[in-house]
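# Summary of structural features
Residues per chain, in single letters:
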Amino acid sequence: MEPLIDGHGRLIDDLRVSVTDRCNFRCQYCMPAEGLPWLEREEILRFEEIERLVALFVRLGVRDVRLTGGEPLVRREFPKLAGMLAAIDGLEDLSLTTNGYLLERDADAIVAAGVNRVNVSIDSLQRDRFYEQTRRDALPQVLAGLHAIARHPEISPIKVNAVALRGFTEMEALPFAEFARSESFQVRFIEFMPLDADRAWSEDQVLTGEELRAIIHELHPLEEKPREAHSTARVYRFADGAGEIGFVNPVSEPFCADCNRVRLTADGKLRTCLFSVNETDLRAPLRDGATDGELEQVIREAVWRKELKHHVGEKGFRQPPRSMSAIGG
Ligand code: SAM
Ligand code: SF4
């Protein structure tokens, strides 16, 4: 089959699938304290519907699928869904992004299902500061989950992601650097993006990857590794020892030119950019009995219209109606 190509000549072979918009955390930069109005049950794609769409994307050339949310592990029988997707012929990489709260419970089942890479989001290694950011006193539980998944050598790499916020993350840089040096996890800092439900984002709250790199480099000299194709992160190794640390800089150093991704929301909308203001509904044709050929046509046309770049920080930038947890980060 012809590969999926957008109107700017980029090959699309990476799909992020949000399996739920619900979450058991309330991170300051993502959700309001009271939560959000959740999707109704019948609005959410059923496992068989997700499986059919993912299989179609794989036939169109998608090789990597990342499961996300909301919090993917709050979706009932999540490991069963992961197993259904892992069995799709031609899918090379099935990964998961989770807040880790339920990971201790689910680690064995996720590995048995065939997930091969896991990212765990942790904004602070200090309990009170973790609580401040997530509004949940859950650091010990999350670390237990991280270590439960690390007991499985099949899962590699395991990454720990921290959102970088000015006035908060400066103090986290060195503890996370120590963590990356002493544990086998790759730590990555992600710049705060205007996808918070509170719409409180402003550019001065973005602590850039370069600022964090400089803080760490002063104490632990860093050497940049060659950038892998389509990698969103600049990855560094420590010059004097083990460990890696990465910086995902979508605001200060956009990587749109190389973007190979699209996203499927929990309610079956195709999004061609995190910051898309338009979405393409795949659920309606799916439920109306569309053939694979008809769905393929809808997908190809949407992908063709993929945005050239995001406009964060530019005059006239509009935050998309959905926030991060409802998009699937
Ligand atoms: N709940 C899971 C988790 O937190 O890992 C998966 C979904 S969450 C939306 C995916 C990632 O997006 C997390 O690493 C989270 O920290 C990040 N994120 C959420 N809101 C963000 C924002 N406004 N800017 C940058 N990253 C954000
Ligand atoms: Fe939930 Fe993840 Fe958003 Fe935090 S970042 S509120 S864990 S979806």
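Here the structure is shown first, and the text comes after it.
Below is a short write-up of the structure. Note that the coordinates shown come from a computational prediction; the quantities given were computed from them, not determined experimentally.

Attention now goes to the environment of E170. Structurally, E170 can be placed in the loop between strand 5 (158–164) and helix 6 (173–182). According to the relative accessible area criterion, E170 is partly exposed, its value standing at 28%. In contact with E170, not counting residues within four places along its chain, are L165, L207 and I215. A distance of 2.9 Å separates the side chain of E170 from the backbone nitrogen of G167, its partner in a polar contact.

On to the packing of helix 2 (residues 78–86) against helix 3 (residues 103–113). How two helices sit against one another is set out by the angle between their axes and by the gap between those axes. As a packed pair, helix 2 and helix 3 sit with axes 8 Å apart at the nearest point and diverge in direction by 15°. By the angle between their directions, the pair helix 2 and helix 3 is classed as roughly parallel. The crossing of helix 2 and helix 3 is right-handed. On helix 3, the residues touching F78, P79, A82, G83 and A86 of helix 2 are A109, I110 and A113.

To continue, consider the site of ligand 2. Close to ligand 2 lie C23, F25, C27, Y29, C30, G70, N99 and S325, which account for all nearby residues. Looking at the shell around ligand 2 residue by residue, the classes come out as 5 nonpolar, 3 polar and no charged.

Let's shift gears to the site of ligand 1. In the neighbourhood of ligand 1, 16 residues make up the surrounding shell, with Y29, G70, S121, V163 and M193 lying closest. Here T98 contributes a backbone N or O atom positioned 3.2 Å from an oxygen atom of ligand 1. Within the shell around ligand 1, the residues separate by chemical class into 6 nonpolar, 8 polar and 2 charged.

Take the side chain of D196 next. Here D196 shows up in the loop between strand 6 (186–191) and helix 7 (209–219). Nearest to the buried, unbridged D196 among oppositely charged side chains is R199, at 7.2 Å. At 3.1 Å, the side chain of D196 and the backbone nitrogen of W201 are in polar contact. Residue contacts for D196: discarding those within four places in its chain leaves Y29, C30, W201, Q319 and S323.

Attention shifts here to the pairing of strand 6. With 6 of 6 residues buried, strand 6 lies mostly within the body of the structure. Going residue by residue along strand 6, you find Q186, R188 and I190 tucked away on one face and V187, F189 and E191 tucked away on the opposite face as well. Of the strand pairs in this sheet, strand 5 and strand 6 are connected by 6 bridges, and their pairing is parallel. Counted as the bridge partner of A162 is F189 from strand 6. Following the backbone out of strand 5, through helix 6 and into the adjacent parallel strand 6, one traces a crossover that is right-handed. Examined bridge by bridge, strand 6 and strand 9 (residues 244–248) share 4 bridges and lie parallel to one another.

Another aspect to go through is the sheet that holds strand 2 (residues 64–68). Ordered in space as 7-8-9-6-5-4-3-2-1-10-11-12, the 12 strands form an open sheet in which the pairing is mixed. Edge positions in the sheet fall to strand 7 (222–224) and strand 12 (280–281), since each has one partner strand and no second. One ladder, built from 3 bridges, connects strand 7 with strand 8 (residues 233–238); its direction is antiparallel. Pairing of E223 across the sheet is with R237, part of strand 8.

Take the packing of helix 3 against helix 5 (residues 139–150) next. Viewed as axis vectors pointing N to C, helix 3 and helix 5 meet at an angle of 20°, and their least axial separation amounts to 8 Å. As summarised for this structure, helix 3 and helix 5 are arranged roughly parallel, according to the angle between their axes. Read as a crossing pair, helix 3 and helix 5 show a hand that is right-handed. Along the contact surface, helix 3 presents L103, E104, A107 and V111, while helix 5 presents Q141, A144, G145, L146, A148 and I149. The residue inventory of the contact of helix 3 with helix 5, partitioned by class, reads 7 nonpolar, 2 polar and 1 charged.

For the rest of this paragraph, the subject is the pattern of salt bridges. On inspection of all chains with the given rule, the structure shows 26 salt bridges. Across the pair R52 and D292 runs a salt bridge whose closest N-O atoms are separated by 2.8 Å. Pair noted here: R52 is in helix 1 (residues 47–59) and D292 is in helix 9 (residues 292–304), with a separation of 240 residues, a long-range link. The class for D292 is partly exposed, based on a relative accessible area of 28%. For the salt bridge of R300 with E296, the shortest nitrogen-to-oxygen distance reads 2.9 Å. One end of the pair, R300, and the other, E296, are both in helix 9, 4 residues apart, so they sit about a helical turn from each other. E296 shares its class with R300; the two are buried. Taken together, the salt bridges that share partners define one network made up of D267, K269, R271, E279, D281 and R322.

Definitions and limits used
Residues numbered from 1 in each chain as written. Chains lettered and ligands numbered in written order. Predicted model: local features only at pLDDT ≥ 70, side-chain atom pairs only at ≥ 80, totals over all residues. Heavy atoms only, no water. Helix = DSSP H or I, 4+ residues; strand = E, 2+ residues; numbered from the N terminus. Buried < 20%, exposed > 50% of the residue type's maximum accessible area, 1.4 Å probe, protein only. Contact = heavy atoms within 4.5 Å. Polar contact = N/O pair within 3.5 Å; in protein donor to acceptor, adjacent residues only side chain to side chain. Axes fitted to C-alpha atoms, helices over the stretch in contact; angles between N-to-C directions. Parallel < 35°, antiparallel > 145°, perpendicular 65-115°, else oblique. Left-handed = near helix turned anticlockwise from the far one by under 90°. Near = heavy atom within 4 Å. Nonpolar A, V, L, I, M, F, W, Y, C, P; charged D, E, K, R; others polar. Lys, Arg positive; Asp, Glu negative; His and termini not counted. Salt bridge = Lys/Arg side-chain N within 4 Å of Asp/Glu carboxyl O. Pairing = 2+ DSSP bridges. Right-handed = clockwise from strand over helix to strand, strands pointing away.

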